[in-house]
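Below are the chains, spelled out letter by letter.
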Amino acid sequence: MSETNGHGELPGDAPDAEPAGPHRVIGTPPPAEARTLLGDREPDGGKVAPRELPADPADLRKAKAAERLVAALFILAMLAGIGFIAAYIGLPAGSMDAVLRSNLALGGSMSVAFLGLAFGATIWVRHLMPDVELTEARKPLASPAADRAAFAETFAEGADASQFVKRPLLRRTLIAATLPIAVAPIVLLRDMGPLPGTSLRHTVWRNGVRLMEDVTYTPIRPADFSSPGGMITVIPEGYEYDDDALAKAATIIIKFRPGQLQPPTVLNWTVDGIVAYSKICTHVGCPVSLYEQTTHHILCPCHQSTFNAPKGAEVVFGPAARPLPQLPITTDAEGYLVASSDYHEPVGPSFWERG
Amino acid sequence: MAIDRALEGVGGFLDDRFRGAKGFRTLFKKIFPDHWTFLLGEIALYSFIILLLTGTFLTFWFQPSMTQVVYHGSYTHLDGVRMSEAYASTLHISFDVRGGLLMRQIHHWAADLFMAAIFAHMLRIFFTGAYRKPREVNWLIGIVLLTLGMLEGLFGYSLPDDLLSGAGLRILEGVIQSIPVVGTYLAFFLFGGAFPGNDIIPRLYILHVLLIPGLILALITAHLFIMFHQKHTQMPGKGRTDQNVVGAPMYPYFMAKTGAFFFFTFAALALASTFAQINPVWLYGPYTPVAMSAGSQPDFYMGMLEGALRVMVPWEWNVAGHTFSFNVFVPALLPLGVIFTGAALWPFIEQWITGDKREHHVNDRPRNAPTRTAIGIAVITFYGVLWLEGANDVIADHLDIALYTTTRIAQVSMFVAPVVAYILTKRICLGLQRKDQHLIEHGVETGIIRQLPSGEFIEVTHPLSEEERAKLGSITPPPSLPAPDSADHNGIPAPGSHGAIGKVRARLNSILTESIEVTGSNGHGNGHGGPGTDGNGHAPGEHEHAAVPAGAVPAGAVPAGGSQEASLGAGEAGSSSDDGGGSGDGAGHDGSGDEDSGYRDSGYDGTDN
């Protein structure tokens, strides 16, 4: 079935054809039988089989042109490679501008080098290697029945000799012996972390902890936050750098005009129209960072759960199932906003034991 | 000659010790079929190699530590900012290590290309039926590789500990916590306590640089060895059968081609990394659980999960003191879980429905398996809707659509669009099959109208080349199922054919094997298709243009008379049906009709059928 593709003839006018000694006329198809690749069947008697691949491409003049082009591309790749090394040595890193220059020079030269190699190799294969299409026979994947039977016999013999089948006591005790060892690695993972206990139910907020502005880390008086419509992120005093604490305790405060806040917002837990909600989304825990002043909606940027700020941060859209918990706040003796207790329910995403 | 000397020297040295001459000869002569889609898997392989190389480079400087430091490095915008060592060392790699930024960007682009190539490769395998026996195991390995690739990517882009990746970890924590019964414990064990803790980055690091790449490497090796042992599939064409492989030998052809392709892959990644910035973590800032920026997106291969989380309705149950967060664990686990499980089981489901236990080495053209192709497109559509929903805020912003509207559209279209896609795809496939059938029977229209001596006008058509004919007629019909409740002569029903299950199977079979009878060079009887497949019914109707009984008239044939010419064409068609030895109704091969006139045709066909 095999055959060389189409142009199997040496063009009579090929001037570049070197006198290559006594060899067959290029492209003359050898007998089909010999050119069929028969898997790993032994060529009989170690005789040298006739050539299966033509030694040269059909069109030697085109091949010469292709050779020059490939060589040019490889030289380009070499120069680009030298350029890469030069750019590494010559261009420092250490600032944004320097890094951008360096990245451009290194990446550009590297791209050119690989492109030169890639195009060169492709043209080489396409225009310098002679076209071939060969056929290899496929053997059925399944073993011949006799081989299977022989294997089954060997397997059964071994099983008999091992006594594994005959002596169930040994078999069962062996299996019993390996079971605990198999479970042990899982047990070993136990100390990967502490048990959750009730830690997800609490935050570090408690009576008297000041609400600190997130960026400047300053306490807030209600009068400082007088313009309605804004949303400020606050964190508990003393936990500025404690990410574990902040991951649960991050809170937002929003100022409303008198009368805007309605149940289920707990009005006793607000100060002068300032209400505090957990900033940790009840969906999967992203910080709810967006506030739309006109609609008073708090929006989570991750999955767009939307909470109605003046009405107890109830869910108005999105995948979150529960409102943002409200933090009871009041003012301390110096007039700063403080928590009057921890959150009254667990903040953040749901968990199995939450209830 | 230099080659002889090298063989004597190095080759002799090696063969004296390892006896490799015969094995390597076989290896060198191994035939590799060629088709552009076969390159998709190679892209994945080479991306992985590039990932290993660039990733190793990055580990020389990266510090997988969550210890807080104050940054005083080259990136002055973050001077004096507290951050983890992981983030600081990422800045160091980007701004102080020469070539560091380039390697980081190549690593990230290569990860995206790796996943994209795996997806494309997998779709190619599915749509061409290359997963069929004997390649089911490699298909399963592929699905595991895809899953591992997703995890590897997620863990990898979480390592720099920037604001975006930290948010991704927060979402991961929320999702794990939502798992009933064990979720809270799993989250605490993974994070070493409450989120974020100090352990997650070092733990993800060792998973990312050792465990998962090791598994991927091992599975890729198995994947390649199995492919190598079973030999590559081939696309249909002249001389290609299930008993052979047609192509070029590995040495030197495939070696050179694949070497070139490695360079192309590396060049593409280098170009992307030079000119297209990816994951500029210095712009996001270090992670803090307090802040989050708008427009956050995961890498594209996680987008579908993100979309599933966004599209879900807020269902949560509290039962007996326990919380079922359907709004989280259902979208996180169900859609992708169903797709992957379905994909894993599909080869076996298909085998059961069709009863086809034969080896397949010639691939299907997607149109020749209309139902399978339609199922595939439906799944892609479902995936695509959720994937787009994962970027709905960006879409809403750019297309000026209300944010919630995009989600509502997704909520509806995730159910409707796949059905529409299924129906459309199936119709398109059947239409393409009819076109192929027409081409096989009538050849290619030349646009030349010829008047016969008898005064009749015919359109001259050019017969297909043998290669085309072999390609178009490549359909291999499945064997027929035993009819429901049929029994052999001993009265024993064939397995899987009796009772309700037998009926379901027969019904599924008639849906899955719905196909036009494309009878080409390897023609076949069409008794198998079961009753009611389109093939039998329509072919005669389509067979002839009314009043223009052209047949496959060879261009340039001098018509001695209408009948002479037409019989040439009819002869071809007739012989192909004979090949199959089909006991079928010979639909489409009513060659005798062609000879005389188109009018008579239809009359005979009607009665024949």
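Residues numbered from 1 in each chain as written. Chains lettered and ligands numbered in written order. Predicted model: local features only at pLDDT ≥ 70, side-chain atom pairs only at ≥ 80, totals over all residues. Heavy atoms only, no water.

*Asks:* Give a description of the interface of chain A and chain B that names residues and reports values.
*Replies:* If you look at the interface, chain A gives 94 residues, while chain B gives 105 residues. In total, about 8,300 Å² of surface goes out of reach between chain A and chain B, with carbon and sulfur atoms giving 64% of it. For Lys-29 of chain B, the salt bridge is made with Glu-52 of chain A, and the minimal N-O distance between the two is 2.8 Å. On inspection of chain A and its partner chain B, the count reaches 34 residue pairs in polar contact (both at pLDDT 80 or more). Counting residues per element, the ones that place at least two in the side of chain A that touches chain B are helix H2 (60–90), helix H3 (96–128), strand S1 (134–137), strand S3 (231–236), helix H6 (243–249) and strand S7 (297–299) of chain A. The element that contributes the greatest number of residues to the side of chain A that touches chain B is H3 of chain A, accounting for 18 residues. Each residue belonging to the side of chain A that touches chain B can be placed in one class, and the counts come to 56 nonpolar, 23 polar and 15 charged. Where S1 of chain A lies against strand S4 (residues 244–249) of chain B, four bridges are found, and the strand directions are antiparallel. (Contact = heavy atoms within 4.5 Å. Buried area = accessible area lost by both parts, 1.4 Å probe. Salt bridge = Lys/Arg side-chain N within 4 Å of Asp/Glu carboxyl O. Polar contact = N/O pair within 3.5 Å; in protein donor to acceptor, adjacent residues only side chain to side chain. Helix = DSSP H or I, 4+ residues; strand = E, 2+ residues; numbered from the N terminus. Nonpolar A, V, L, I, M, F, W, Y, C, P; charged D, E, K, R; others polar. Pairing = 2+ DSSP bridges.)

*Asks:* Residues and numbers for the sheet that holds S4 of chain B, please.
*Replies:* Pairing within the open sheet is antiparallel, and its three strands lie in the order S1(A)-S4(B)-S1(B). Strands with a single pairing partner mark the edges of an open sheet, and in this sheet they are S1 of chain A together with strand S1 (31–32) of chain B. Those strands touched by helix H10 (residues 250–275) of chain B are S1 and S4 of chain B, and its axis lies near 75° from that of S4 of chain B. (Axes fitted to C-alpha atoms, helices over the stretch in contact; angles between N-to-C directions.)

*Asks:* Give me the lowdown on the packing of aromatic side chains, citing residues and values where you can.
*Replies:* Residues and elements named next belong to chain B. For the structure shown, the criterion picks out 33 aromatic pairs over all chains. Ring centres of Phe-24 and Phe-28 lie 6.2 Å apart, and the angle between their planes is 85°; on these two criteria the pair is classed as edge-to-face. Within this pair, Phe-24 and its partner Phe-28 are both found in helix H2 (residues 21–29), separated by four residues, close to a single helical turn. For Phe-28, a relative accessible area of 28% corresponds to the partly exposed category. (Phe/Tyr/Trp six-rings, centres within 6.5 Å; stacked < 30°, edge-to-face > 60°. Buried < 20%, exposed > 50% of the residue type's maximum accessible area, 1.4 Å probe, protein only.)

*Asks:* Please set out the confidence of the model for chain B residue by residue, giving values where relevant.
*Replies:* Residue and element names in this part refer to chain B. Taken residue by residue, chain B gives an average pLDDT of 83. The fraction at 70 or more is 81%. Across residues 521–609, where pLDDT falls below 50, the model places 122 contacts with residues more than four positions away in sequence or in other chains. Prediction confidence for the complex, expressed as pTM and ipTM, is 0.84 and 0.84 respectively. (pLDDT = per-residue confidence, 0-100.)

*Asks:* Could you give an account of unusual backbone geometry, naming the residues involved and the relevant values?
*Replies:* Residue and element names in this part refer to chain B. For the peptide bond that leads from Lys-133 to Pro-134, omega is 10°, which places it in the cis range. Secondary-structure assignment places Pro-134 in the loop between helix H5 (100–127) and helix H6 (136–158). Put simply, Phe-195 and Pro-196 share a cis peptide bond, and its omega is -5°. Its place among the elements puts Pro-196 in the loop between helix H8 (183–191) and helix H9 (200–230).

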